[in-house]
Amino acid sequence: QVQVAESGGGSVQPGGSLRLSCVANGTIFNLYEMGWYRQAPGKQRELVASTQISGNTNYADSVKGRFTIFADDAKMAVHLQMNSLKPEDSAVYYCHVQESGLNRYYDYWGQGTQVTVSS
């Protein structure tokens, strides 16, 4: 069984910074992608940033230049450095881990960590 644990959420003023961390515990044979999604009340869950084992990274347009994702594949860990935070960044942030199987992908999700940006 794979369990995903998140940490680093909290409350911060606009312009502040937070770093989210995620560790996947258990056996993952073929790690493919690790990333972060977020969901605000009344809105759909959306991709914030992701990184693949190939080194490819993707960022939402709204966070480019402000957020940086980096992973430690050996430790099955991924982090999201969030700078210049805005009120619209407020959401529950979910860590996502994807493993490639024989004919399918396997997805693992954390329980979420709250990020609140307000004055």
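Scroll up to find the structure this text is about.
Reading the values: rules and limits
Residues numbered from 1 in each chain as written. Predicted model: local features only at pLDDT ≥ 70, side-chain atom pairs only at ≥ 80, totals over all residues. Heavy atoms only, no water. Disulfide = S-S within 2.5 Å. Helix = DSSP H or I, 4+ residues; strand = E, 2+ residues; numbered from the N terminus. Buried < 20%, exposed > 50% of the residue type's maximum accessible area, 1.4 Å probe, protein only. Contact = heavy atoms within 4.5 Å.

Novice: Looking at this model, I keep getting lost on the state of the cysteines. Mind explaining?
Specialist: In a disulfide, the sulfur atoms of two cysteines are covalently bonded to one another. With the rule as written, the count across this model stands at one disulfide. A sulfur-sulfur distance of 2.0 Å marks the disulfide that ties Cys22 to Cys95. Taking the sign of the S-S torsion, -80° for the link of Cys22 and Cys95, the bridge is left-handed. Here Cys22 is found in strand S3 (residues 18-25), whereas its partner Cys95 is found in strand S9 (residues 91-100), with 73 residues between them in sequence. Taken individually, Cys22 and Cys95 each receive the classification buried, so the pair is uniform in this respect.

Novice: Explain the side chain of Thr51 here, please?
Specialist: Tracing the backbone through its elements, the reader meets Thr51 in strand S5 (residues 46-52). Among residues more than four places away in sequence, those in contact with Thr51 are Tyr32, Glu33, Met34, Asn56, Thr57, Ile69, Ala71 and Val78.

In short, geometric facts, not functional conclusions.
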